[in-house]
Amino acid sequence: MKKELRLPASRIRSADVTKSEKWLGYLLGPAGAVLLNAVLASYLNVYYTDVLGLAPLWGGAFLVVFPIVSKIIDAITNVIMGYIIDRTHTREGKARPWLLLSAPLVTVTAILLFTVPAANETVQAIWVMVSYNLFYSFAYTIFNMSHNLMVPLSTRNTTDRGGLSVFNQIATIMMSGIIVALIFPMVIMPMLGIDKAKWIVTMSILAILALPLTLLEYYFTKERVTLENAEQVHEEVSFGKQLKAIFTDKYMIIIYLYFLISTVGTSIKNLSLVYFCNYVLGTYNDGITQTLVSALGGIPMGIGIFAVWPLAKKFGKRNVTLAGFIIYAIGSAICWMFPTNMVIVLIGQFIKNIGGLPCSYVFMALFADVLDHIEWKTGFRCDGVSMSVYNIIAVAMVGICTGIFNGLLSGAGYVQPYMDAAGNLIAVQSETVKNVITFGFVGLETITGIVLAVLLIFLSVEKVIDREQAEIKSRREEQA
């Protein structure tokens, strides 16, 4: 992208973070694409197994292999996108311009995910693979890379950056915690059932909603960190040099390990949620079980809007997150011991999500601190490359986890729901399938919570970040 390219200007002019920036750019703006992605994370696999009936395809191998292969492609496009972002120079920044492009792409490709033609298995398999990669490996990669860089590039003020991180995560928590976790299982899913036409209409509406809201994020964000040196001649740092910088930094390695382990636990949990509520704790699409699990588990996320950042400022982002993961593991363990007892599971979910508050709201602020630390150490920014590795972990592990989970379901003998001769929906699974689902929903996160708490002991970047930022500012003033 050439520097002379003129793009629609940001509505944010202030050198300091503004209220409209927080509410429109970081809370409301991302809500459309975040909602769409949250719905897909919870229900796209259900659409494939229960509506399209793809679980037995290729002897059960299709839903195991295709997500993994697709995520390899996605990982490659993330590297390319990170490279492009770091070499994008416009008056609107280097990441924000790609939000503008992603808005229509996300909408169109999301609709294609569900409009699978009623054809033979080969045609359906090809459509699923192509549409999946158009969305995840192309359109959503562009959005997610640029969106995730908004907090690190917004400002160097750690307090303002932490506040923006909280607002940014509120959008994610509210969309997944209220609409996807409450409204969908209580109202939408019983209405959709296994009716393909209803699925297509509902998901198309969500996809269209993402378009204007993503444009809102573009107009009400600003890359102050990028624009600090906008008038200087850009000396490109080689891709290899940037990779060396991030993979020789202990804090960035810890951040990546943290994110990888967290993603594995969360991905398997998200995939298992609907199945757990349908077969282990409740009955198929009963409209009650998943709503209760999500409501009792999600209440702490609402409380966290007001509590987590004051605690993080007082005790440190790392320390609060570490303590949270210990609580997180305890809550998951309670659910794991009594997976069929509604009351105990609800109590365990409430405790678990209390512990999950810090990692949900302040992670991106920690990531931004590490990016500044690398700039202090090397003298150059690695935002695009660092975010591409971050996203590679996200997409690769989601794909791998989806393949593993589907493989476990198929191997355990998962049976697709069907209508009997009397028109009754039959949805019953064996004890082996139920055990696999239970471990995926609560067992694995018991283990990952403990591992993450130990790992965070070594992430001490907050102790040095204020001094390092002061030195970065001093160097910049000397160069000017």
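Residues numbered from 1 in each chain as written. Predicted model: local features only at pLDDT ≥ 70, side-chain atom pairs only at ≥ 80, totals over all residues. Heavy atoms only, no water.

**Q** What is the right way to read the overall build of the protein chain from this model?
**A** Within the protein chain, the regular secondary structure consists of 18 helices and 2 strands. Against the globule reference of 23 Å for 480 residues, the protein chain gives a C-alpha radius of gyration of 22 Å, in line with a compact fold. Dimensions of the protein chain, computed from the C-alpha atoms along their principal axes, are close to 80 × 45 × 40 Å. The 480 residues of the protein chain split such that 57% are buried. Contacts spanning at least 24 positions in sequence make up 84% of the contacts within the protein chain whose residues lie at least 6 apart. For the protein chain, the exposed surface amounts to about 19,200 Å²; the carbon and sulfur share of it is 68%. Of the charged side chains in the protein chain, 35 are positive and 31 negative, and the gap between their average positions amounts to 4 Å. (Helix = DSSP H or I, 4+ residues; strand = E, 2+ residues; numbered from the N terminus. Rg over C-alpha atoms; globule rule 2.2 N^0.38 Å. Buried < 20%, exposed > 50% of the residue type's maximum accessible area, 1.4 Å probe, protein only. Contact = heavy atoms within 4.5 Å. Areas by Shrake-Rupley, 256 points an atom, 1.4 Å probe, with all protein chains shown as cover. Lys, Arg positive; Asp, Glu negative; His and termini not counted. Charge placed at Lys NZ, Arg CZ, Asp CG, Glu CD.)

**Q** Honestly, a nonpolar patch on the surface in this entry has me stumped. Any pointers?
**A** A contiguous nonpolar patch, built from I126, V130, L134 and F138 and spanning about 330 Å² of accessible area, is present on the exposed surface. Here V130 lies in helix α5 (residues 121–148). Here V130 falls in the partly exposed class, since its relative accessible area comes to 46%. (Patch = residues over 30% accessible without salt bridge, like charges linked within 9 Å, V, L, I, M, F, W, Y side chains within 5 Å. Salt bridge = Lys/Arg side-chain N within 4 Å of Asp/Glu carboxyl O.)

**Q** So what exactly am I meant to see when it comes to the side chain of T263 here?
**A** Along the chain, T263 falls in helix α11 (residues 250–281). Residues in contact with T263, not counting those within four places in the same chain, are I393, A394, M397 and V398.

**Q** I keep staring at α5 and nothing clicks. Help me out?
**A** The largest bend along α5 reaches roughly 45° and is located at Y140. Looking at where α5 begins, the residue whose side-chain oxygen comes 3.1 Å from the main-chain nitrogen of T122 is N120. (Bend = angle between axes of the 7 residues up to and from the residue. Polar contact = N/O pair within 3.5 Å; in protein donor to acceptor, adjacent residues only side chain to side chain.)

**Q** Looking at this model, I keep getting lost on the pattern of salt bridges. Mind explaining?
**A** Where charged atoms from two side chains of opposite charge approach closely, those side chains can pair. Considering all chains together, one arrives at 19 salt bridges under this definition. Here D74 and K71 are joined by a salt bridge, their closest N and O atoms 3.6 Å apart. Remark: K71 and D74 occur in helix α3 (residues 62–86); sequence separation between them is 3 residues, near one turn of the helix. We note that D74, like K71, is buried. With a shortest N-O distance of 3.4 Å, D86 and K94 are connected by a salt bridge. Across the pair, exposure class does not vary: D86 and K94 are buried alike. Several salt bridges share partner residues, and in doing so they unite D86, K94, R156, R161, K317, D369, D372, E375, R381, D383 and E462 into one network.

**Q** Any chance you could explain helix α18 (residues 465–479) here in plain terms?
**A** Each α-helix turn comprises 3.6 residues. Residues three or four places apart therefore point the same way. Compared with the 21 Å implied by 1.5 Å per residue over 15 residues, the 21 Å span of α18 between its first and last C-alpha is a close match. Buried residues of α18: I465, E468, Q469 and I472, and no others. Take α18 and look down its axis: the buried residues cluster within an arc of 100°, on one side only. Opposite the buried face of α18, by more than 90 degrees, sit the exposed residues D466, E477 and E478. (Expected span 1.5 Å × (residues − 1). Arc of directions from axis to C-beta.)

**Q** What is the right way to read the state of the cysteines from this model?
**A** In protein chemistry, a disulfide is the covalent bond that joins the sulfur atoms of two cysteines. Enumeration over the complete set of coordinates arrives at 0 disulfides. Left unpaired, C401 is separated from the closest cysteine sulfur, that of C359, by 16 Å. (Disulfide = S-S within 2.5 Å.)

**Q** It is not clear to me how the packing of helix α10 (residues 239–247) against helix α16 (residues 383–412) should be interpreted in this structure. Could you clarify?
**A** Each pair of packed helices can be described by the angle between their axes along with the distance between the axes. Orientation of α10 relative to α16, taken along the N-to-C sense of each, is 65°, at an axis distance of 9 Å. The way α10 lies across α16 gives a crossing that is right-handed. Taken together, the residues of α16 that come into contact with α10 (itself represented by F239, Q242, L243, I246 and F247) are V385, S386 and V389. Of the residues contributing to the contact of α10 with α16, the split by class is 6 nonpolar, 2 polar and no charged. (Axes fitted to C-alpha atoms, helices over the stretch in contact; angles between N-to-C directions. Left-handed = near helix turned anticlockwise from the far one by under 90°. Nonpolar A, V, L, I, M, F, W, Y, C, P; charged D, E, K, R; others polar.)

**Q** Please explain the packing of aromatic side chains as it appears in this structure.
**A** Aromatic ring pairs: the centre-centre distance and the angle between the two ring planes describe each pair. For the coordinates displayed, the defined rule picks out 31 aromatic pairs. Ring plane angle 50° and centroid distance 5.9 Å describe the contact between Y279 and Y284, whose orientation is recorded as tilted. Taking the relative accessible area as the measure of exposure, Y279 reaches 5% and is therefore buried. An angle of 85° between the planes, with centres 5.9 Å apart, marks the rings of Y279 and Y414 as edge-to-face. Taken as a pair, Y279 in helix α11 and Y414 in the loop between α16 and β1 (418–419) lie far apart in primary sequence, 135 residues in all. Joined through ring pairs, the aromatic side chains of Y47, Y48, W58, F62, F66, F114, Y132, F135, Y136, Y140, F143 and W199 make up one cluster. Taking NZ or CZ as reference, R96 lies 4.3 Å from the ring centre of Y218, over its face. (Phe/Tyr/Trp six-rings, centres within 6.5 Å; stacked < 30°, edge-to-face > 60°. Lys NZ or Arg CZ within 6 Å of the ring centre and 35° of its normal.)

**Q** Please explain the nonpolar core as it appears in this structure.
**A** A general tendency of soluble globular proteins is for nonpolar side chains to be buried together. With 132 residues, the main nonpolar core has Y48 and W199 as its most contacted residues. Ranked by the residues each element gives to this core, the list is headed by α11, at 19 residues. Setting aside residues up to four positions removed in sequence, W199 forms contacts with Y43, V46, Y47, V51, F114, M189, L192, G193 and I194. (Core = buried A, V, L, I, M, F, W, Y, C linked by side-chain atoms within 4.5 Å.)

**Q** Please explain the side chain of S272 as it appears in this structure.
**A** Residue position: S272 is located in helix α11. Setting aside residues up to four positions removed in sequence, S272 forms contacts with F405, I437, G440 and F441.

**Q** Whenever I open this one, the environment of T402 confuses me. Can you help?
**A** Looking at the element boundaries, T402 is found in helix α16. With 53 residues separating them in the primary sequence, T402 and L455 have C-alpha atoms 25 Å apart. Residues within four places of T402 in sequence aside, it is in contact with N45, L63, P67 and L271.

**Q** So what exactly am I meant to see when it comes to the packing of α3 against α16 here?
**A** Running from N to C, α3 and α16 cross one another at 175°; their axes reach a closest spacing of 8 Å. The pairing of α3 with α16 is recorded here as roughly antiparallel in orientation. Among the residues making up the contact of α3 with α16, the classes are represented as 13 nonpolar, 10 polar and 4 charged. (Parallel < 35°, antiparallel > 145°, perpendicular 65-115°, else oblique.)

**Q** Sorry, what's going on with the environment of L409 here?
**A** The residue L409 is located in helix α16 in this model. Exposure remark for L409: the relative accessible area of 3% places this residue in the buried category. Along the backbone, L409 and Q124 are 285 residues apart, and their C-alpha atoms lie at a distance of 21 Å. Among all residues touching L409, those that are not within four sequence positions of it are Y275, Y414, V433 and I437.

**Q** Explain unusual backbone geometry to me, please; I cannot follow it from the model alone.
**A** Among all residues except glycine, the phi angle is most often negative; among peptide bonds, the trans geometry is most common. Even without glycine at this site, W58 takes up a positive phi of about 55°. Structurally, the position occupied by W58 is in the loop between α2 (31–51) and α3.

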